[in-house]
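Okay, here's what each chain looks like letter by letter:
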Amino acid sequence: MSIVDSRSGKVRREYSVAELAEQARLMRGYDLTALCAAGSGHAGGTLSIMDVAAALYLRVADHDPQAPEWAHRDRVVWSAGHKAPALYLALAFSGYFDRDDVMQLRRLSSPFQGHPHWRKLPGVEASTGSLGQGLSIAVGLALAARLDGRKNKVFCIMGDGEQQEGQVWEAAMEAAHYHLDNLIAIIDENRLQIDGATCDVMDVEPLDVRYAAFGWEVMSCDGHDMERVVNALEYAKSHAHGKPTLIVAKTVKGKGVSFMENVAGWHGRVPTRAELVASLKELGLEETIPYEALLAKAGECQQGVDARLAAKMPRFSQDYWWNAQPNMKVEMKPTRMGFGEALAARGDDERVVCLGLDISGSITISEFYAKHPERKPRWLSLGIAEQSATSVAAGLAREGKLPVFGTYATFAAARNLDQIRVSVCYANLNVLIAGAHGGVSVGPDGATHQALEDLFAICGLPNMVAVVPCDSVETRRATEHLLFEQVGPKYIRFAREATPIVTTAETPFVFGRANVIRFRGEQPRFADAFTTTLAGRHCDEQEDLSILACGPMVPEAMRAAWILKRDFGWETRVLNLHTLKPLDEAAILRAAQETGVLITAEEHQVGALAWRVSEIVTRDHDLYGTPVLTGAIGVQDRFGDSGSAWELVKEFEVSAEHIAHKAAELMAVKQGRLDKKAAREVVVQR
């Protein structure tokens, strides 16, 4: 029946096969326009799945846009959550909302997140993004339907690269074991993933034979022949075999645009304006889709975001934002580049083995062999399989190798936490784990990909050490130290976004020892306005307060020191706590004793740094009776959001301006000008 009036049971709209093909073509055009407007996303996979999406939502699956929670609707789980724009357009073309609304894709506070969130948008059945979880969710939905006596079907859309996740096969076993003939899985088999051809990264074929061996009914179809797609979906929906059904849709990544088709690089790319125009011409839609008006609408949405963020930012005597002034200029570079540079420079050691987990170029681990083909035998591509990779690394370490693996920090430290705990830390093995794209730096991908909790888990593990370098230079030096000097489990966390370079090769870097950074006066170059010394060699300068930071928050703390000196005349001691575990306790205690005000700054849920600092301060006998005012800047117990990385720095209130605002609040108490309650109401506006 498809789109129905749940009250009367009547079909709201029927589509012929030819009409579905036309709708899929239009959806591709709107998809590319939304991706262009967003400036980020996944063109290749959204184009490959679009025919299936059109057939499923406009003809096959029963649902009611006027009653999104209708109990008897069919459920569709998008396990391949990065293909969210195809989902959003399928819902829009079904009537859940205006298709123009999808131009809000990946904007801050938009319901059209980089990966779908069921609580933000009607019609979305599950919050997804971390690959491999959707089929398990679908199994739960199918079991619930059986328990409740409902006849609805549950569809689950997956990618072929996603089949590398072990959880998929656990769910496949469960579905067959419980004879879930109300469950229909669809694999978008476009044969490409981020690191290249799926057969080269980690071969998953033959999927039909493997699912059949697990006890599934298996079908396949040309995923771009609308009649065959419809026939496969309708047959799977209407025929119960006492077992779950799999449809392998053979597709082309980037389908419909010649220069995108079958190109792995278009997995995570979006078209420029010129490429958008060329794409719409190929699709025959340049006169049909008002792309200029749609892009303008997206721009208006962004203006609203900018105005809201500006309104919530603390204000000072001038705009201190990065490179906003004629002096204090700073060079930006992604910290992840330092990781790749270290592996490229030091990878000749035959003990070093690097493990690829499908986002190798993005996190720069592939620099290990990029210009050194002779190292390729020591490059092991394990695909999308974080849990297994962790234990594989443990096995390599047990035999004397120096294994390095990494992925987004939220997957590197959470998806595989038990493997890190048992295989690596309990065994105390020499494994280097890279938590890339830490904090909010992954930006528009949204909450599922933003690592805001990883350090809680990592720092809680015995035997583990953790380093959070502040820029690309420090990341390179930290990587080299951890790889060759530090023996045992080790974790390095770095960002994706370009952030300020504030150190040089001559800047002190000693594992486990903090640096003291002092603002000395404005200079043409930001970094030249500061001096850096090892904390153990720093002489007390009677600073008014201390800011304790790690990672990208170190440059923010430095910028806050500049604000506080210029606007208030206060001297700030900035501690770069690049080694988060073990912390430099002596440097922290000296800062508490000598300045009396400690503000922690972390691009993480408050606590990974703040709680550890507080524990050090509160248990020190020498500080008993000494007044120490503390404040914490970090994410306030919330999940992430889609938006640019720098927008999220403002949204989550972790910028230098927010650090300076907190400093002014605490300094008002220290100077006896306000009591604590009044201090909380201080508004810094000069």
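Here the structure is a predicted model, which means the values were calculated and not measured.

Quick look at the environment of Ile-517
Within the secondary structure layout, Ile-517 lies in strand β16 (residues 515–519). On the accessibility criterion, Ile-517 (5% relative accessible area) is buried. Separated by 58 residues in the primary sequence, Ile-517 and Leu-575 have C-alpha atoms spaced 6.3 Å apart. With near-sequence residues (within four places) excluded, Ile-517 lies in contact with Phe-530, Thr-531, Thr-532, Val-554, Met-558, Thr-572, Arg-573, Val-574 and Asn-576.

Looking at helix α22 (residues 610–618)
For α22, every residue scored as buried is listed here: Ala-610, Val-613, Ile-616 and Val-617. Angularly, the buried residues of α22 cover 130° about the axis, an arc narrow enough to put them on a single face. Those residues of α22 that are exposed and angled more than 90 degrees off the buried face are Trp-611 and Thr-618. Those residues of α22 that are buried are in contact with β18 (545–549), α21 (585–595), β21 (597–605) and β22 (629–635).

Describing the side chain of Asp-641
Relative to the helices and strands, Asp-641 is located in the loop between β22 and α23 (645–651). Although buried, Asp-641 forms no salt bridge, and the nearest oppositely charged side chain, Arg-638, lies 4.2 Å from it. A distance of 2.7 Å separates the side chain of Asp-641 from the side chain of Gln-113, its partner in a polar contact. For Asp-641, the residues in contact, after removing those within four places along its chain, are Leu-108, Ser-109, Gln-113, Gly-443, Gly-446, Ala-447, Gln-450, Leu-648 and Phe-652.

Thoughts on the nonpolar core
If you look at the biggest cluster of nonpolar residues, it comprises 71 residues, and the most contacted ones within it are Leu-56, Trp-78, Tyr-88, Phe-155 and Leu-233. Take this core: its biggest share by element is 10 residues, from helix α1 (residues 17–38). Excluding residues that lie within four positions of it along the chain, Leu-233 makes contacts with Val-52, Ala-55, Leu-56, Val-60, Phe-155, Ile-186 and Ile-247. Leu-545, Ala-601, Val-635 and Leu-648 belong to the second largest nonpolar core, which has 51 residues in total.

Considerations on the pattern of salt bridges
Summed over all chains, the structure comprises 47 salt bridges. The partner of Arg-378 in a salt bridge is Glu-350, and the shortest N-O contact between them spans 3.4 Å. A residue pair is termed long-range when its members are at least 10 positions apart, and Arg-378 in the loop between α14 (367–370) and β10 (379–381) and Glu-350 in the loop between α12 (336–346) and β9 (352–356) qualify at 28 residues. Arg-378 gets classed as buried once you look at its relative accessible area, which sits at 11%. We note a salt bridge from Arg-638 to Glu-651, for which the minimum N-O separation is 3.2 Å. Remark: Glu-651 occurs in helix α23 and Arg-638 occurs in the loop between β22 and α23; sequence separation between them is 13 residues. Connected through shared salt-bridge partners, Arg-518, Arg-520, Asp-540, Glu-541, Glu-543, Lys-565, Glu-571, Arg-573, Arg-590 and Glu-594 make up one network.

Some points on the pairing of strand β3 (residues 183–189)
Of all seven residues making up β3, seven are buried, and the element is well covered by its neighbours. Covered by surrounding structure in β3 are Leu-183, Ala-185, Ile-187 and Glu-189 together with Ile-184, Ile-186 and Asp-188, the residues of both alternating faces. In this structure, strand β2 (residues 154–159) lies alongside β3, joined through six bridges in parallel fashion. In the sheet register, Phe-155 faces β3, and the bridge partner there is Ile-184. The β-α-β motif built from β2, the intervening helix α6 (residues 166–177) and the parallel element β3 has right-handed crossover chirality. Pairing between β3 and strand β7 (residues 245–250): six bridges, direction parallel. What sits directly across from Ile-186, in β7, is Ile-247.

Re the packing of α21 against α22
As a packed pair, α21 and α22 sit with axes 10 Å apart at the nearest point and diverge in direction by 70°. Taken together, the axes of α21 and α22 are roughly perpendicular relative to one another. Side by side, α21 and α22 meet where Glu-585, Ile-588, Leu-589 and Ala-592 of the first sit next to Val-613, Ile-616 and Val-617 of the second. For the contact of α21 with α22, the per-class residue count stands at six nonpolar, no polar and one charged.

Regarding the UniProt feature "domain: Transketolase-like pyrimidine-binding" (unreviewed entry) in the chain
Annotation from UniProt places "domain: Transketolase-like pyrimidine-binding" (unreviewed entry) at residues 333–501. Helix makes up 40% of residues 333–501 and strand 19%. Its end C-alpha atoms lie 7 Å apart.

Quick word on the environment of Arg-13
You can see Arg-13 is positioned in the segment before α1. Separated by 81 residues in sequence, Arg-13 and Ser-94 have C-alpha atoms that sit 9.0 Å apart. Leaving out residues up to four positions away in the same chain, Arg-13 has contacts with Ile-3, Glu-19 and Leu-58.

With respect to the sheet that holds β22
The sheet built from six strands is open, its strands ordered β17-β16-β19-β18-β21-β22 with mixed pairing. Edge strands, defined here as strands with exactly one partner in the open sheet, are β17 (530–534) and β22. Averaged over all neighbouring strand pairs, the angle between strand axes comes to 20°, with direction disregarded. Taken together, the five bridges between β16 and β17 define a ladder with antiparallel strand orientation. Of the residues in β17, the one forming a bridge with Asn-515 is Leu-534.

Section: unusual backbone geometry
In this structure, Pro-206 follows Glu-205 across a cis peptide bond, with omega equal to 0°. Cis geometry is found at the peptide bond from Lys-581 to Pro-582, where omega equals 5°. Turning to its location among the elements, Pro-582 is positioned in the loop between β20 (579–581) and α21. Here the phi dihedral of Asn-323 falls at roughly 60°; this positive angle occurs in a residue that is not glycine. Among the secondary structure elements, Asn-323 is positioned in the loop between α11 (291–312) and β8 (332–334). Not every positive phi belongs to a glycine, and Gln-542 is a case in point at roughly 60°. Position of Gln-542 among the secondary structure elements: in the loop between β17 and β18.

Examining the sheet that holds strand β14 (residues 490–493)
Pairing is mixed across the open sheet formed by seven strands, whose spatial order is β10-β9-β11-β12-β14-β13-β20. What marks the edges here is a single partner per strand, and that holds for β10 and β20. Here the average twist between neighbouring strands, direction ignored, is 20°. As judged from the four bridges shared by strand β12 (residues 432–436) and β14, these two strands associate in the parallel manner. Paired with Leu-432 across the two strands is Lys-490, which belongs to β14.

Some remarks on the layout of surface pockets
Roughly 490 Å³ of internal volume is contained in the second largest pocket. Lining the second largest pocket we find 25 residues, and of these Thr-128, Ser-130, Ala-447, Thr-448 and Phe-639 sit closest to its centre. The element best represented in the lining of the second largest pocket is helix α16 (residues 409–415), accounting for four residues. Classifying every residue of the lining of the second largest pocket gives six nonpolar, 15 polar and four charged.

Some thoughts on empty space enclosed by the protein
Applying the stated criterion to the full structure yields six cavities of 30 Å³ or more. There is about 130 Å³ of room inside the largest cavity. Lining the largest cavity are 15 residues, with Thr-499, Pro-552, Glu-603, Trp-646 and Val-649 sitting closest to its centre. Its residues assigned to classes, the lining of the largest cavity comprises 10 nonpolar, two polar and three charged. Its volume calculated, the second largest cavity comes out at about 90 Å³. Lining the second largest cavity are Tyr-57, Ala-61, Asp-62, His-63, Pro-68, Arg-73, Asp-74, Arg-75, Val-76, Tyr-96, Gly-123 and Glu-125. Of the residues in the lining of the second largest cavity, the class split is five nonpolar, two polar and five charged.

Criteria and thresholds
Residues numbered from 1 in each chain as written. Predicted model: local features only at pLDDT ≥ 70, side-chain atom pairs only at ≥ 80, totals over all residues. Heavy atoms only, no water. Helix = DSSP H or I, 4+ residues; strand = E, 2+ residues; numbered from the N terminus. Buried < 20%, exposed > 50% of the residue type's maximum accessible area, 1.4 Å probe, protein only. Contact = heavy atoms within 4.5 Å. Arc of directions from axis to C-beta. Lys, Arg positive; Asp, Glu negative; His and termini not counted. Salt bridge = Lys/Arg side-chain N within 4 Å of Asp/Glu carboxyl O. Polar contact = N/O pair within 3.5 Å; in protein donor to acceptor, adjacent residues only side chain to side chain. Core = buried A, V, L, I, M, F, W, Y, C linked by side-chain atoms within 4.5 Å. Pairing = 2+ DSSP bridges. Right-handed = clockwise from strand over helix to strand, strands pointing away. Axes fitted to C-alpha atoms, helices over the stretch in contact; angles between N-to-C directions. Parallel < 35°, antiparallel > 145°, perpendicular 65-115°, else oblique. Nonpolar A, V, L, I, M, F, W, Y, C, P; charged D, E, K, R; others polar. UniProt positions renumbered as here; feature names shortened; annotations may be inferred. 1 Å grid on protein atoms, 1.4 Å probe; cavity = no way out; pocket = protein on both sides within 12 Å on 5 of 7 lines; lining within 4 Å. Points joined across faces, edges and corners; volume = space filled by probe spheres on them.

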